[in-house]
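Spelled out, the chains give:
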Amino acid sequence: RALYLSQQRIELLQRIAAKANEAIDTRDALSYAIGEICTHTGWAFGNAFLVDASDSDLLIASQIWFAAQPEPLAPFIADTMERQFARGVGLPGRVLDSSMPIWLEDITRADNFLRRDVARNCGLHSAFAFPVCTQNEVVAVLEFFARENVSEDIEFLALMAQIGVQLGRVIERERFTAKLYFDALHDPLTGLPNRALFNDRVISALERRKRRPAHGVAVLFLDLDGFKFINDSLGHQMGDMVLVATANRLDTMLKAKAEQAGWPLVSLARLGGDEFTVLIEDFDDQEIAHEVARAMLSVLREPHMVADNEVHSDGSIGLAFAQSSDVTAQDLLRKADTAMYEAKARGRAQVAVYDAALRL
């Protein structure tokens, strides 16, 4: 019997490892693992808590769970799905804190089990939980519940720890893929969308405009005035710091403005060097695009401190509107670029609009 039990556990590990290798995402892998473990053990309920992306000391319900007969457990499931656990609190929180599997033979008498009363009312008595880890970091906690009082099984917990490692590899792979995708579409210095992502967003905006002609679309092309002087006098490292500071100031302002009624959809990007672009859409009055440009110039006009140096970095902006249904993203960006050079020719720190007079 011991040999048979051991073989069954090995097969469970192999099935979950195989699924982890081919899972489309973390949710798919966790859902499969929870169902397989419940089926293998005959335990009544299993679910997953995920570490909050913004707080590594907090677990939140993932809404990933399995129960062969969920109706009698409905109050406990509902309570669990609404829970959050801080590090060290409750069964999931203790696993998060220790990074080790934990077994509770009688949850109805456990001091640090916050769902004790509802578990008792639903006829649940035993529980175990184990961490899902990526290297030395706990990223999720899986917990399971049985109707009977089940004695702790050390070998089984060791198996669950191995499963946690296999599932952790899915999350590592998903994070790596997400990072590759992000890096391909974002500027490595400022973290803003790069030329490729900006171009894609302009194409999408122009497609929406074809379906809704009243859907205004415009592109702003910003070039910092005097940036070459900053690079030459203070060095390229200082220049990079100014670019990062400029990106943060513009991004913060545009996000704050987005909360105002009537403000259009705005997307900021860095094309390279000291060139920034902004996509403006979903407006019916061209004056709104001018308002965005003026707000950007106002932010740039204010001196700011960078590495104990007071920096003055005005900018010149070219503005181009999508006037026809056949305009392309490349056309719109080229027109905004042309208008930007006109703004510099007029004395800098101002806005120029692409019009018939600028056509070549």
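Rules behind the numbers
- Residues numbered from 1 in each chain as written.
- Predicted model: local features only at pLDDT ≥ 70, side-chain atom pairs only at ≥ 80, totals over all residues.
- Heavy atoms only, no water.
- Helix = DSSP H or I, 4+ residues; strand = E, 2+ residues; numbered from the N terminus.
- Buried < 20%, exposed > 50% of the residue type's maximum accessible area, 1.4 Å probe, protein only.
- Pairing = 2+ DSSP bridges.
- Axes fitted to C-alpha atoms, helices over the stretch in contact; angles between N-to-C directions.
- Contact = heavy atoms within 4.5 Å.
- Salt bridge = Lys/Arg side-chain N within 4 Å of Asp/Glu carboxyl O.
- Core = buried A, V, L, I, M, F, W, Y, C linked by side-chain atoms within 4.5 Å.
- 1 Å grid on protein atoms, 1.4 Å probe; cavity = no way out; pocket = protein on both sides within 12 Å on 5 of 7 lines; lining within 4 Å.
- Points joined across faces, edges and corners; volume = space filled by probe spheres on them.
- Nonpolar A, V, L, I, M, F, W, Y, C, P; charged D, E, K, R; others polar.
- Parallel < 35°, antiparallel > 145°, perpendicular 65-115°, else oblique.

**Student:** Describe the side chain of Asn 194, listing the residues and the values that go with them.
**Tutor:** Here Asn 194 is to be found in the loop between helix H6 (154–185) and helix H7 (195–211). Owing to a relative accessible area of 15%, Asn 194 belongs among the buried residues under this scheme.

**Student:** Explain unusual backbone geometry to me, and be specific about the residues and the numbers.
**Tutor:** Here the phi dihedral of Ser 99 falls at roughly 60°; this positive angle occurs in a residue that is not glycine. A positive phi angle, close to 70°, is found at Arg 348, a residue other than glycine. Structurally, Arg 348 can be placed in the loop between helix H11 (329–345) and strand S13 (351–353). Overall, Arg 348 belongs to the partly exposed group, its relative accessible area being 43%.

**Student:** Describe the sheet that holds strand S3 (residues 84–86), naming the residues involved and giving the relevant values.
**Tutor:** Within the open sheet, the six strands sit side by side as S3-S2-S1-S6-S5-S4. Their pairing is antiparallel. Here the strands that pair on one side only, and so sit at the sheet edges, are S3 and strand S4 (102–104). With direction set aside, neighbouring strand axes in the sheet form an average angle of 25°. Summarising the sheet, S4 and strand S5 (residues 126–134) pair through three bridges and their orientation is antiparallel. Looking at the pairing, Trp 103 lines up with Phe 128 of S5. Packing against the sheet, helix H3 (residues 74–81) makes contact with strand S1 (45–52), strand S2 (55–66) and strand S6 (137–146), and its axis sits at approximately 10° to S1.

**Student:** Describe the pattern of salt bridges, listing the residues and the values that go with them.
**Tutor:** Any two side chains of opposite charge can pair, on the condition that their charged atoms come close. Tallied over the entire structure, the rule returns 17 salt bridges. The closest approach of N and O atoms between Arg 175 and Glu 137, which form a salt bridge, is 3.2 Å. Of the two residues, Arg 175 sits in helix H6 while Glu 137 sits in strand S6, which places them 38 residues apart along the sequence.

**Student:** Account for the sheet that holds strand S12 (residues 315–321), naming residues and giving values.
**Tutor:** Within the open sheet, the five strands sit side by side as S8-S9-S7-S12-S13. Their pairing is mixed. The open sheet terminates on both sides in strands that have one partner only, identified here as strand S8 (265–272) and S13. Each adjacent strand pair in this sheet contributes to an overall mean axis angle of 20°, direction not counted. Sheet analysis places strand S7 (residues 217–224) next to S12, joined by seven bridges and oriented antiparallel. Bridging from a neighbouring strand, Leu 220 pairs with Leu 319 of S12. Each of S7, S8 and strand S9 (275–281) touches helix H9 (residues 236–257); the most contacted strand, S8, lies at about 170° to it.

**Student:** Account for the nonpolar core, naming residues and giving values.
**Tutor:** Leu 220, Phe 276, Ile 280 and Met 296 are the most contacted members of the largest nonpolar core, which has 35 residues in total. Secondary-structure elements contributing two or more residues to this core are S7, helix H8 (227–234), H9, S9, helix H10 (286–301) and S12. For Leu 220, the contacting residues outside a window of four places in its chain are Phe 276, Thr 277, Val 278, Ile 280, Val 292, Ala 293, Met 296, Ile 317, Gly 318 and Leu 319. Membership of the second largest hydrophobic core comes to 31 residues, among which are Trp 103, Leu 142, Phe 144 and Leu 167.

**Student:** Please give an account of empty space enclosed by the protein that cites residues and values.
**Tutor:** For the structure on display, the rule yields one cavity of 30 Å³ or more. Looking at the largest cavity, its volume works out to about 30 Å³. Taken together, Leu 206, Arg 209, Lys 210, Ser 324, Ser 325 and Val 327 make up the full set of residues lining the largest cavity. Grouping the amino acids of the lining of the largest cavity by side-chain chemistry returns two nonpolar, two polar and two charged.

**Student:** Break down the environment of Ile 288 for me, with residues and values.
**Tutor:** Note that Ile 288 resides in helix H10. Judged by relative accessible area, Ile 288 falls into the buried class, the value being 18%. Spatially, the C-alpha atoms of Ile 288 and Pro 264 are 7.5 Å apart, while their sequence positions differ by 24 residues. Discounting chain neighbours no more than four positions away, the residues touching Ile 288 are Gly 262, Pro 264 and Phe 283.

**Student:** Before we move on, can you summarise the layout of surface pockets with the specific residues and values?
**Tutor:** In this structure, the largest pocket occupies an estimated 260 Å³ of space. Residue composition of the lining of the largest pocket, by class: six nonpolar, two polar and six charged. By volume, the second largest pocket is sized at about 160 Å³. In terms of lining residues, the second largest pocket is bounded by 10 residues, among which Leu 5, Ser 6, Arg 9, Glu 155 and Leu 159 are the most central.

**Student:** Please set out the packing of H8 against H9 residue by residue, giving values where relevant.
**Tutor:** Between two packed helices, the angle of one axis relative to the other and the distance separating the axes together describe the packing. Closest axis-to-axis distance for the H8/H9 pair is 6 Å, and the angle between their directions is 140°. Overall, the two elements H8 and H9 adopt an arrangement that is oblique. On H9, the residues that touch Phe 227, Ile 230, Asn 231 and Leu 234 of H8 are His 236, Met 238, Gly 239, Val 242 and Leu 243. Class assignment for the residues of the contact of H8 with H9 results in six nonpolar, three polar and no charged.

**Student:** Kindly report on the side chain of Ser 313, identifying the contributing residues and their values.
**Tutor:** Positionally, Ser 313 belongs in the loop between strand S11 (309–311) and S12. Judged by its relative accessible area of 1%, Ser 313 is buried.

Take it as geometry only, folks, not as evidence of what the structure does.
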